[in-house]
Each structure stands twice: as C-alpha cells, then as structure tokens.
Amino acid sequence: MYQDYKFRREFASEIIEAAFFGAFMVAIDARKNEDSLTQAELAKRTGKEKTGISKLLAGPRNWKLSTISDLAEALDLRLEFVLIDQHQPQRRFTQTGVAFAIPHNTSLNVDNLPLPINSPQQAGNSNRLQNEGCQLLNFSLDESQKSKLPLTISP
Amino acid sequence: MALPRPDLHTEKRVLWVPEDIDKVLSGDASGLGFADPKFFGLRQRFIGGVLVSGSLIGDPDKRHPDFERLTDLNEVWVMCFRAPQDNQWRLMGRFIQPNEFVGLALFSRKFLNGKVHYAKQAKAFEQRWPQNQQYHVGSKIEDYLSQPVSDPYVPRL
C-alpha cells in the first residue's frame, strides 16, 4: 500500500511542478505580449539577478513557496489555493475553509463532465483507433474516418 | 497497475498509439520495467494539457525536451520518455494536427544508440508512413502544441 503512495507522490510531484511552471509561463507570455515585460524588468521586480531569472525560467523545478509568491507579485498575479478531496471530488479545501462544488441553479451537471484523464477508459483509445483501420506501422486514417473517432472519453 | 487519477477534467491533447504501445503507456504491460512515475507523467502532462517542452532542432545541447523534431527528416518527431535514466524510451511519430500526435513505433533508447542507427530507424519510419496520410507542418513549437509549452532552445523573455 505504501509503495502505491510512493508512486503516487512521485507522479503527482512530476505533474505539479510542470503545472506550476506552465501556468507561470503562460502568464509571463501574456505580460510580455501585452505589457512588453522583459527579463531585466522581471529580475528587478523579483529582486533577483538576470541569470537567476534565466535559470528560473529554464524548466520546471522544485520551487519554494517564496519563489512562487515573488513571481506572482512581480507579474501582478493573485494566488489562490484549492485542495480537492479525492474521496469526495465536489469538496474543496480552500484558504478560507471548506467549500462544495455543487452546481446550483445552473445547467451544469457534474455527471456529464469528462472523466479524469487517467480513467481506465482512456486505455481504450488505441482500440478505437484500430477499429477504425489503424494498425501498427500500417497507419491509414482519412478525414471521414477521423471524424468518427471519439476524441474525448465518455463513460 | 492503477495510475493515480488527478482531478483534471480536461483532455486537451490527443495521443494516438497502436494497442500494444497503449498497453505500455497505460501501465498494462508487465515485465518491461515501466515503473517510474515520471514515465507516466509525460503521458499525463501531454494529454492533460499541462506543460510539455519541445524542440524543432533535435537536442544538440542536451536540454532534454519532451518532444524532439529530428533533423534531416521530414516532420519525424520523438516523444522522449527520459526516466528512469537507465530505461529510456522514444515514441516515434508525427503530429497530424496541432495537439494530436500519432506515435507508431516505440523504441528503447538503448536500441537507438548511435547516431547512425538512430537515423536509420527514423528514416525507415518516415518511409513506412502512409503516403495518403497528411501530417502537420509548423515553424515554431506553438504551432504543434498548445500553451503551456516551452522550447528550451528559444528564450522565454
């Protein structure tokens, strides 16, 4: 059981590092395109050397919370924390308490949301592709076939 | 092995693979040593729309992008599973449109060792690609992969 948690920890760490880095990269792109943000300006705002910024933006790292906070401030971003309960996916732990993501008076039905992408159904992706005529190293898929392929996973 | 299920209600990018490769990438193939979380992490990041990196010029300076477009070939890409370091794999394929990668051949990195042998396998892959199947052509990494994406050979700022 603890072996399973070890795997989960390392897997989640890989994803979360990329997720944090990716979100900041998208924000940096927006600031660059809309406000002409430069590396020098970002260095000044974060109180770091230009080389430090360059290293920071080179790829996902195990960032400290202070680094995340400094970057967020430098980019005029506000951080929010939401922890989703995997036992009750509608329950969220936030910085101000517990909240429930229950749709109320809306047309949104959580039962119709796509499944989490690691759901077992996803493994059937290639089965469907093969059913549509795709074989290993014998790939052939025209537009009419492609349109039949389910590109999203349904239960 | 059941993979963890992060609550990501998105499936932003599509990965098409044959059934036997699917089994490997989904953790259903046993005995191949695919036990490293980072191996599955790349698949997850790609499909879930989380950050991936890619380079259009291969990887001359060992900056280790997740996707490399091989040089001297016509739009042949490899998805690079770089972990664990002693059991690396490469999924060779092409983008048929932005965010849609078709991987048809999975190689152990050890098997591809040596530039000449690697190039020979890539060339063979290129020749096996069906003539009538279009593939995507772009000039920067964002033409192939939606944000968030990074190219280690192109400075961000």
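What counts and what doesn't
Residues numbered from 1 in each chain as written. Chains lettered and ligands numbered in written order. Predicted model: local features only at pLDDT ≥ 70, side-chain atom pairs only at ≥ 80, totals over all residues. Heavy atoms only, no water. Patch = residues over 30% accessible without salt bridge, like charges linked within 9 Å, V, L, I, M, F, W, Y side chains within 5 Å. Areas by Shrake-Rupley, 256 points an atom, 1.4 Å probe, with all protein chains shown as cover. Salt bridge = Lys/Arg side-chain N within 4 Å of Asp/Glu carboxyl O. Lys, Arg positive; Asp, Glu negative; His and termini not counted. Charge placed at Lys NZ, Arg CZ, Asp CG, Glu CD. Helix = DSSP H or I, 4+ residues; strand = E, 2+ residues; numbered from the N terminus. Pairing = 2+ DSSP bridges. Contact = heavy atoms within 4.5 Å. Axes fitted to C-alpha atoms, helices over the stretch in contact; angles between N-to-C directions. Polar contact = N/O pair within 3.5 Å; in protein donor to acceptor, adjacent residues only side chain to side chain. Expected span 1.5 Å × (residues − 1). Buried < 20%, exposed > 50% of the residue type's maximum accessible area, 1.4 Å probe, protein only. Arc of directions from axis to C-beta. Phe/Tyr/Trp six-rings, centres within 6.5 Å; stacked < 30°, edge-to-face > 60°. Lys NZ or Arg CZ within 6 Å of the ring centre and 35° of its normal.

### Focus on a negative patch on the surface
All names here are of chain A.
Next up, step 1: Where like charges cluster on the molecular surface, the negative patch consists of E34, D35, D70, E73 and D76.
Next up, step 2: Those elements giving two or more residues to the negative patch turn out to be α1 (2-35) and α4 (65-74).
Next up, step 3: Its location among the elements puts D35 in helix α1.

### Concerning the pairing of strand β2 (residues 91-94) of chain A
Residues and elements named next belong to chain A.
Next up, step 1: With 3 bridges joining them, strand β1 (residues 82-84) and β2 adopt antiparallel strand pairing. Following the sheet pairing, I84 is matched in β2 by R92.
Next up, step 2: Here β1 folds back onto β2, and the loop between the two strands holds 6 residues.
Next up, step 3: Relative to strand β3 (residues 97-100), β2 runs antiparallel, the two sharing 4 bridges. Among the inter-strand pairings, T94 is bridged to a residue of β3, identified as G97.

### Section: the sheet that holds strand β6 (residues 100-108) of chain B
Residue and element names in this part refer to chain B.
Next up, step 1: Overall, mixed pairing links the 7 strands, which are arranged β1-β6-β5-β4-β3-β2-β7 in an open sheet. Unpaired on one side and paired on the other, β1 (14-16) and β7 (149-150) mark the two borders of the sheet.
Next up, step 2: Summarising the sheet, strand β2 (residues 52-55) and β7 pair through 2 bridges and their orientation is parallel. Bridge pairing links S53 to S150 in β7.
Next up, step 3: Sitting on the sheet, helix α3 (residues 115-128) touches β4 (77-81), β5 (89-97) and β6, and the angle it makes with β5 is about 35°.

### Some details on the environment of R82 of chain B
Residue and element names in this part refer to chain B.
Next up, step 1: Tracing the backbone through its elements, the reader meets R82 in the loop between β4 and β5.
Next up, step 2: In this structure, the C-alpha to C-alpha distance between R82 and Q97, residues 15 residues apart in sequence, is 24 Å.
Next up, step 3: Residue contacts for R82: discarding those within four places in its chain leaves D59, H64, P65, E68, Q88 and R90.
Next up, step 4: Within the local environment of R82, its side chain forms a polar contact with the side chain of E68, the two groups lying 2.7 Å apart.

### Observations concerning α3 of chain B
Residue and element names in this part refer to chain B.
Next up, step 1: Over its 14 residues, α3 extends 20 Å from the first C-alpha to the last, a length consistent with the 20 Å expected when each residue adds 1.5 Å.
Next up, step 2: When we look at burial in α3, the residues that qualify are Y118, Q121, A122, F125 and E126. Looking down the long axis of α3, one finds its buried residues gathered within 140° of arc, a one-sided arrangement. Facing away from the buried side of α3 by more than 90 degrees, the exposed set consists of V116, K120 and Q127.
Next up, step 3: Contact partners of the buried residues in α3: β4, β5 and β6.

### Concerning the pattern of salt bridges
Next up, step 1: Evaluated as defined, the whole model comprises 13 salt bridges over all chains.
Next up, step 2: In this structure, the salt-bridge partner of D29 of chain A is R156 of chain B, at a minimum N-O distance of 2.6 Å. With D29 of chain A in helix α1 and R156 of chain B in the segment after β7, the pair connects residues from two separate chains. Comparing D29 of chain A with R156 of chain B shows no difference in burial state: the two are buried.
Next up, step 3: Residue R91 of chain A is joined to D85 of chain A by a salt bridge in which the shortest nitrogen-to-oxygen separation is 2.6 Å.
Next up, step 4: Take D85 of chain A: its relative accessible area is 10%, and that puts it in the buried class.
Next up, step 5: Residues participating in the shared-partner salt-bridge network are E14 of chain A together with R45 and D66 of chain B.

### Observations concerning the packing of aromatic side chains
Next up, step 1: The full count for this structure, using the stated rule, is 14 aromatic pairs over all chains.
Next up, step 2: The interplanar angle of 65° and the centroid separation of 5.6 Å between the aromatic rings of F24 of chain A and W63 of chain A together place this pair among those described as edge-to-face. With F24 of chain A in helix α1 and W63 of chain A in the loop between α3 (50-56) and α4, the pair connects residues that are 39 residues apart, well separated along the chain.
Next up, step 3: The exposure class assigned to F24 of chain A is buried, which follows from its relative accessible area of 5%.
Next up, step 4: Among the aromatic residues, those joined into a ring-pair cluster are F46, F67, W77, F95, F101 and Y144 of chain B.
Next up, step 5: Seen from the ring of Y135 of chain B, R94 of chain B lies directly overhead, with NZ or CZ sitting 3.9 Å from the centre.

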